[in-house]
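Okay, here's what each chain looks like letter by letter:
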Amino acid sequence: MGALARARQNPTTTAGAVITLLIVAAAVLAPFLAPYDPTEQDIMSRLQGPSAEFWLGTDQFGRDILSRLMFGAQISLTVSLGAIACAIVIGGVIGMVSGYVGGRFDLIVMQMMDVLLSFPSLILGLIVVALLGPDLINLVIAIALTAIAPFARIARAPTLVLKERAFVEAGHALGYSHTRILFRHILPNILSELLVMGSLWMATAVRTEASLSFIGLGVKPPTPTWGGMTRDGFENILDAPWLAIFPGVAILLLVLGLNMVGDGLRDATDPKLRHE
Amino acid sequence: MSNDAPLLQVTGLRKHFIMRQGFPTSRTTIIRAVEDVSLTIRPGEAVGLVGESGCGKSTAARAMLRLIEPTAGRVRFKGQDVLTARGDALKTIRRKMQMVFQDPYSSLNPRQTIGSALMEPMRVHHIATGAQARARAAAQLDEVGLPANALDRYPHEFSGGQRQRIGIARALTVEPELIVADEPVSALDVSVQAQVLLLLRELRTRRGLAFLFVSHDLSVVRWFCDRVAVMYLGRIVEEGPVAEVLRAPLHPYANMLREASPEPDPARRGKLPRIIGEIPSAAAPPTGCAFHPRCMGAMQACARVVPPLRPLGGGRAVACHLYDPAVAAAN
Amino acid sequence: MMGFVIRRLLAAIPTLLAVLTLVFIIVRIVPGDPAMVILGDQATPEAAAALRSRLGIDVPIWTQYLRFVGAALTGDFGASMVTSRPILAEVGAVLPHTVDLTLAAMLVGVAVGVPVGIWAALHRNGAIDVAARLLSLIGLSFPVFVSGIFLLLAFALHWRIFPVIGAADLSDIPDRLYKLVLPALTLGLVMAAYITRVTRSAMLASLSEDYIRTARAKGVPWRRVVWVHGLRNASLPIVTVVGLYVGILIGNSVLTEIVFNRPGLGKVIVGALNQRDYTMLQGLMVIYCFLIVVVNLVTDLLYGVLDPRVKT
């Protein structure tokens, strides 16, 4: 049985996939489905509670929360997907090359990765964004930086095993270049592990992006971000608690959905559980 | 090409592994896996390299192909220096020397189709591309006895014997002149071993391939090879035509190996001698002749002086003081 | 044992140097010209030059690096650009609050996570296990500022059991503890979710070991088997995770301090961000790194105590 089929049989994974896909759909379809313009202010309808007109209420500028949540999902997903993609590529290459080359080089590179890994990731992200300036690209860079080291470790471990396998030796005997062996023969064998790890780290990336936005280091207003919306709601918590609750729940749901998917995928690809 | 011009000529090959353990006062151990191996293979000739596991025969074979970098020595393929070749020159030499591996389960990339595995070497060496490469790959499979529909399948769909055939087909795609086969059948079921051996011998005659056949199985070597070299703890201790060496070994170790191997003649079965002692470690080989602690004919000189491999005529050579007139006389 | 401790201490030195180098790279090289970052694009060349010399970044990069590392290793973390007070003094003033919070959170995390994890492991795949797994998955999905706001809404605004603001007078111990409850729960429950997971899987692994079955077969009471033999074996992975978790804990404590408006390192760092206090950020980062290196060291040493095999 394939890993995907196994993962699909797990109800938690299915639930996680449904949650995640609903949020992705809301983000992608936001321009068509959102009832209002997420940045349009309406002084006449400020801080309104949930109603038939505004399903999730309005904020202190009279902007529709539901619409802002849908557009905010775009930022969350874009930043975390971009960051994890960068981390997989950069961390994956570092880990693969380090493990493949081995020896002293490997020792030094992995020592550096351990140092990067031991940094408190939120502080690291916070300072990098603060220094580079808060915008989408810099958020991607900052969050990617916090995730490179784990992916380097994930990529290195199986590379150490694979490079001793006879098919790699056969590649050398056939005159293949190191680049070819690394990317054509070793990479395909570690890709699934990297992607499973990627789904788990997506959850962390969403949380980090939200945390940075909450601190005030997110994509600049008026662009809606979930963390920024929570922050705005928090400032009006006495008058309109739903302002903080709804974006908070949105973040929680997306992180939870991604964690559920990642957990299921990891269990399904765990060699200890596999019988092939 | 003259039959006497060697295809592969190995002189003084050494491979030492250095291991450091402990912190902060680390201890360095040198493991002398291959210690002075010289060997010649002529075109179309099959040479067996035999010995117990851990004697360095696989390491020696890999060092000859530069799959691991030798510590010292010289390897010439058709007169070209293998050990100093770089870039395209090395790629060209490698094309002519291919390897068949022991473990058919790890020798194929599990994520690559058979077709891709067979066409990739052709593309790398600019032999063929596209439809032409695919046709060649199919022909190659046919030559090793597999159907062309195997091209689009993955290694896990095949049995061990079939995978070994695929490994052989892959080695043949680049039209080699020498095949280094490292225990090519020892991981296979006995019933499959014979089929793969037959295939290898058939390929050898049809294509005029030379073989370095690494094995611990004397009966397989006797059946497949022209000449044999016996290795013990990193050195060749005896060499010669396979029939003569295995009928009447000169070196006490070769004799022991022969006696320990299953005897095809039922009349002589049951005469297995006891093997004295354990194989010493290559990290701390005994002084002098490495075999002397296990040797029943050991003399004083054996513990002090390493016996050189000396020719005895008839294509035979042995590294043992028992056959050195000077030492024997002094004793 | 002594040799082990000394070796670990020596091994921490290159790590510390590497960490400092990384900080230097992030703070000095990544942003390009820090003066332009602080002053913005519209700064006059004169103003920028003046700031550069004040920051000590008008000298060659290698000199800067050596000065930076030298100062950090001698305990000089610089002074705030805004207040001109030494960073160590600024940090020292608020550190007790952060230490309170972090230690209390660890206590909550371990006190909740370990028993729940063991409980779940003992009822593998039963209702309790499923519930514990689901709850811990939810717990570790919670961004800490969201759980903080939820707790605040429930226990401070709705039921009014605990105060909204977490700033306490350090000398008034009961008040200090009272105001610590909600922030510590916020920070601790997320950690408890992690510890529950690790404890559960470590206990499952530990209880399936042969000697545990032997102990059971020999008639050792089950309760004793679990708590003495099982837990001792499971303690190694738990300690590792608690050690690794400190990095997350530090980040989360910043968010918790913001939500509960508590004084602490988090507020200092946010203040420095808002005021573009560049030297302050740099100093804080170095201090965090020292902290992490020390925590790693303690984890390692604890490992040595718990696992006799590591000693040599």
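Since this is a predicted model, take the numbers as computed values, not measurements. (Residues numbered from 1 in each chain as written. Chains lettered and ligands numbered in written order. Predicted model: local features only at pLDDT ≥ 70, side-chain atom pairs only at ≥ 80, totals over all residues. Heavy atoms only, no water.)

(A) Representation of the overall build of chain A within the structure. A tally of regular secondary structure across chain A gives 11 helices and 0 strands. Going from the N terminus to the C terminus, chain A shows its helices and strands as α-α-α-α-α-α-α-α-α-α-α. Seen through its C-alpha atoms, chain A measures out along the principal axes to roughly 75 × 45 × 30 Å. Taken over 276 residues, chain A has a buried fraction of 57%. Intrachain contacts of chain A at a sequence separation of at least 6 include 72% that bridge at least 24 residues. Accessible area of chain A: about 11500 Å², with a carbon and sulfur share of 67%. The average position of the 18 basic charges and that of the 20 acidic charges among the side chains of chain A differ by 11 Å. (Helix = DSSP H or I, 4+ residues; strand = E, 2+ residues; numbered from the N terminus. Buried < 20%, exposed > 50% of the residue type's maximum accessible area, 1.4 Å probe, protein only. Contact = heavy atoms within 4.5 Å. Areas by Shrake-Rupley, 256 points an atom, 1.4 Å probe, with all protein chains shown as cover. Lys, Arg positive; Asp, Glu negative; His and termini not counted. Charge placed at Lys NZ, Arg CZ, Asp CG, Glu CD.)

(B) The nonpolar core, seen in detail. Core analysis: the biggest nonpolar cluster contains 226 residues, and Phe119, Ile215 and Trp226 of chain A, Ile168 and Phe213 of chain B together with Val23 and Ile269 of chain C have the highest contact counts within it. By residue number, the principal contributor to this core is helix H4 (residues 65-101) of chain A, which donates 15 residues. If you count residues domain by domain, this core takes at least three from each of domain 1 (8-233) and domain 2 (252-261 + 283-331) of chain B. Excluding its chain neighbours within four sequence positions, the residues that come into contact with Ile215 of chain A are Leu122, Leu126 and Arg231 of chain A together with Val254, Leu255, Ile258, Val270 and Leu273 of chain C. Counting residues in hydrophobic clusters, the runner-up holds 39 residues, among them Val37, Ala60, Leu67 and Phe77 of chain B. (Core = buried A, V, L, I, M, F, W, Y, C linked by side-chain atoms within 4.5 Å. Domains from an automatic or database assignment.)

(C) Broad picture of the packing of helix H9 (residues 178-215) of chain A against helix H10 (residues 226-235) of chain A. Residue and element names in this part refer to chain A. Look at H9 against H10: their axes get within 7 Å of each other, and the N-to-C directions meet at 40°. The angle between the axes of H9 and H10 places the two elements in the oblique class. The hand of the H9/H10 crossing is right-handed. For the pair H9 and H10, the contacting residues are Ala210, Ser213, Phe214 and Ile215 in the first and Gly227, Gly228, Thr230, Arg231 and Phe234 in the second. Taken together, the residues that form the contact of H9 with H10 break down as 4 nonpolar, 4 polar and 1 charged. (Axes fitted to C-alpha atoms, helices over the stretch in contact; angles between N-to-C directions. Parallel < 35°, antiparallel > 145°, perpendicular 65-115°, else oblique. Left-handed = near helix turned anticlockwise from the far one by under 90°. Nonpolar A, V, L, I, M, F, W, Y, C, P; charged D, E, K, R; others polar.)

(D) Layout of the interface of chain C and chain A. Across the contact, 42 residues belong to chain C and 41 residues belong to chain A. The three residues of chain C that bury the most area against chain A are Ser141, Phe145 and Leu273 of chain C, which together make up 14% of that side's buried surface. Where chain C packs against chain A, one counts 1 salt bridge. As a salt-bridge pair, Arg197 of chain C and Asp263 of chain A come within 2.1 Å of each other at their nearest N and O atoms. (Buried area = accessible area lost by both parts, 1.4 Å probe. Salt bridge = Lys/Arg side-chain N within 4 Å of Asp/Glu carboxyl O.)

(E) Geometry of the packing of aromatic side chains. Applying the stated rule across the entire model yields 16 aromatic pairs over all chains. Their ring planes at 65° and their centres at 5.2 Å tell us that Tyr253 of chain B and Phe291 of chain B sit as a pair that is edge-to-face. Here the residue Tyr253 of chain B occupies a position in helix H9 (residues 252-260), and Phe291 of chain B occupies one in the loop between H9 and strand S11 (310-313), the gap between them amounting to 38 residues. Accessibility classification places Tyr253 of chain B together with Phe291 of chain B in one group, the buried group. Through a chain of ring-to-ring contacts, the aromatic side chains of Phe211, Phe213, Trp223 and Phe224 of chain B assemble into a single cluster. Geometry around Tyr176 of chain A places Arg180 of chain A over its ring, the cationic atom sitting 5.8 Å from the centre. The side chain of Arg231 of chain A reaches across the aromatic face of Phe214 of chain A, ending 5.5 Å from its centre. (Phe/Tyr/Trp six-rings, centres within 6.5 Å; stacked < 30°, edge-to-face > 60°. Lys NZ or Arg CZ within 6 Å of the ring centre and 35° of its normal.)

(F) Focus on unusual backbone geometry. The omega angle of the peptide bond from Pro221 of chain A to Pro222 of chain A is 5°, so this bond is cis rather than trans. Structurally, the position occupied by Pro222 of chain A is in the loop between H9 and H10. In this structure, Asp36 of chain B is a non-glycine residue whose phi angle is positive, near 65°. The residue Asp36 of chain B is located in strand S2 (residues 27-41) in this model.

(G) Here's a closer look at the confidence of the model for chain B. Residues and elements named next belong to chain B. Residues at a pLDDT of 70 or more form 91% of chain B, whose mean pLDDT is 87. Low pLDDT, under 50, characterises residues 268-274; the stretch is placed with 11 contacts to residues that sit more than four places away or in other chains. Both confidence scores are given for the complex: pTM 0.84, ipTM 0.86. (pLDDT = per-residue confidence, 0-100.)

(H) Expanded view of the domain arrangement of chain B. All names here are of chain B. Domain annotation of chain B identifies domain 1 (8-233) and domain 2 (252-261 + 283-331). Computed over C-alpha atoms only, the centres of domain 1 and domain 2 are separated by 30 Å. Contacts between domain 1 and domain 2 engage 12 residues on the former and 11 residues on the latter. Of the roughly 960 Å² buried where domain 1 meets domain 2, counting both sides, 70% is carbon and sulfur surface. In terms of surface lost to domain 2, no three residues of domain 1 exceed Glu52, Leu218 and Tyr232, which account for 50% of the buried area on that side. The tally of links between domain 1 and domain 2 comes to 1 salt bridge. A salt bridge links Arg294 to Glu52; the nearest nitrogen and oxygen atoms lie 3.5 Å apart. At the junction of domain 1 with domain 2, the criterion picks out 3 residue pairs in polar contact (both at pLDDT 80 or more). (Polar contact = N/O pair within 3.5 Å; in protein donor to acceptor, adjacent residues only side chain to side chain.)

(I) Broad picture of the sheet that holds strand S7 (residues 178-182) of chain B. Residues and elements named next belong to chain B. Within the open sheet, the 8 strands sit side by side as S6-S7-S8-S3-S9-S10-S12-S11. Their pairing is mixed. Each edge of the sheet is formed by a strand with only one pairing partner; in this case those strands are strand S6 (97-100) and S11. Taken pair by pair, the neighbouring strands of this sheet meet at an average axis angle of 20°, ignoring direction. Judged from the 4 bridges that link them, S6 and S7 form a sheet pairing that is parallel. Within the sheet, the bridge partner assigned to Met97 lies in S7 and is Leu178. Against the sheet, helix H2 (residues 87-96) makes contact with S6 and S7, and its axis sits at roughly 55° relative to S6, the strand it touches most. (Pairing = 2+ DSSP bridges.)

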